[in-house]
Structure formats: C-alpha cells, structure tokens
Amino acid sequence: MIMKTADRRRLFIILTALLTALVMALIFFFSSQDASLSSETSGFFTDIIVRIFYPEYQSLTLSERELIRSQISFFVRKTGHFSEFTLLGFSLMLHALVSRYYKRAHGVRSLMPHALFTLFAGAAYAVSDEFHQSFVEGRGPAAADVGIDTCGVLFGLVVISLIWNAVTKRGSENENS
C-alpha cells in the first residue's frame, strides 16, 4: 500500500516534532542530574580523552594530573552543552523545514523566519534549562552556558539548513533532467 502524499506530510511533521521533544527530554534529563552524577557522567568522557591524548598521564605529578583533568573536564562539560543544543537546533530547524516544505503553497518561501524562530526557541530553552538547574542539588545557572547552548542551536540549524538546501537542490535538478 502506497501512502498518500498528505499522510506522508503529516507523518514527517509528527516525526520531526517527536524528535524535537525527545531531544528536549534528553536535555532535561541531563540537567536533572545532581552535581555528583553530572560529574560522574562528564568524568567518564574525561577519562577517555586523558587515555587517548595523555598516555604519560600516570607518570605526571599529582598537580599536573589535576590541572590536565580539570581543563579536560571543563572542555567536556561545555562540549556536552554545545552538543545537546546542536541536536536541539538541528531537530527544531528540521521540523520547521519539513513544515515549510509542505506549506510552500501558502507563500512561506524564506528560511529566515524559520531560522530566527529556531534560534529564539532554542535560546529560550537554554535559559529555561539553566533556570531548571538552579533547583538541582549542587548545580546552578550559568549565563555562559546559555551562550554556549545558543551557539549550539545556531550550529545545528545551519548544518541542517545546508543539508536541506543540498538535498532539495539535487532533487529539483533531478526533476528538471
């Protein structure tokens, strides 16, 4: 049985909305971790990076090891923020693009309104995420994290926009051939 175009449209819109909700739930889950559990999670990735890039780590002095571990841990935590919100920007913009693609008949042609909505929605979620962390034991809000998160959203929306443009351009070239 072949799915009707209208049903396929609704399915894609629903799937991208569910993907966005899943990413938001994942961010909420990680933000709900208390300080010790959050440190344990980032510590796991810190250990991997230390093993890869510092094979001589065990032969260093305690103060050198603590400094390296502290610097890498900071990088891992901030990269985690950026990565989570990159996924959010990617999924929000994908949802907007899928919705836009099916609404072209209604005159919505520019990506800019969707990109701005994605950026502002992602930034608002970053602010709410930091506010949420203020209620979690041992954690607190950080304005710098809102900036990092918003940059992640921007990166995600740019990546999916470039992919979308390449795919839809290729599709229209194939139709014209």
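Being a predicted model, the structure only gives us computed values, none of them experimental.

Thresholds applied
Residues numbered from 1 in each chain as written. Predicted model: local features only at pLDDT ≥ 70, side-chain atom pairs only at ≥ 80, totals over all residues. Heavy atoms only, no water. Axes fitted to C-alpha atoms, helices over the stretch in contact; angles between N-to-C directions. Helix = DSSP H or I, 4+ residues; strand = E, 2+ residues; numbered from the N terminus. Parallel < 35°, antiparallel > 145°, perpendicular 65-115°, else oblique. Left-handed = near helix turned anticlockwise from the far one by under 90°. Contact = heavy atoms within 4.5 Å. Nonpolar A, V, L, I, M, F, W, Y, C, P; charged D, E, K, R; others polar. Buried < 20%, exposed > 50% of the residue type's maximum accessible area, 1.4 Å probe, protein only. Phe/Tyr/Trp six-rings, centres within 6.5 Å; stacked < 30°, edge-to-face > 60°. Salt bridge = Lys/Arg side-chain N within 4 Å of Asp/Glu carboxyl O.

Draft legend 1. Structural detail: the packing of helix α1 (residues 5-32) against helix α4 (residues 112-133). At their nearest, the axes of α1 and α4 sit 9 Å apart, and the two run at 25° to each other. With respect to α4, the element α1 is oriented roughly parallel. Two packed elements cross with a definite hand, and for α1 against α4 that hand is right-handed. For the pair α1 and α4, contact is made by Met24, Ile27, Phe28, Ser31 and Ser32 and by Tyr125, Asp129, His132 and Gln133, respectively. Per-class residue counts for the contact of α1 with α4 are four nonpolar, four polar and one charged.

Draft legend 2. Examining the environment of Ser161 more closely. Among the secondary structure elements, Ser161 is positioned in helix α5 (residues 143-176). Classification of Ser161 by relative accessible area gives buried; the value is 11%. Taking the C-alpha atoms as reference points, Ser161 and Leu94, 67 residues apart in sequence, are found 7.9 Å from one another. Residues in contact with Ser161, not counting those within four places in the same chain, are Met93 and Leu97.

Draft legend 3. Representation of the packing of aromatic side chains in the model. Taken as a whole and assessed by the stated rule, the structure comprises five aromatic pairs. Ring geometry for Phe44 versus Phe45: centroids 5.1 Å apart, planes at 80°, classification edge-to-face. For Phe45, a relative accessible area of 43% gives the class partly exposed.

Draft legend 4. Local environment of the pattern of salt bridges. This structure, assessed with the given rule, holds three salt bridges. For Arg69, the salt bridge is made with Asp47, and the minimal N-O distance between the two is 2.8 Å. Highlighted residues: Arg69 in helix α3 (residues 62-101) and Asp47 in helix α2 (residues 35-53), separated in sequence by 22 residues. With a relative accessible area of 30%, Asp47 lands in the partly exposed category. With its nearest N and O atoms 2.6 Å apart, the salt bridge here joins Asp145 to Lys78. Placement of the pair is Asp145 in helix α5 and Lys78 in helix α3, with a sequence separation of 67 residues.

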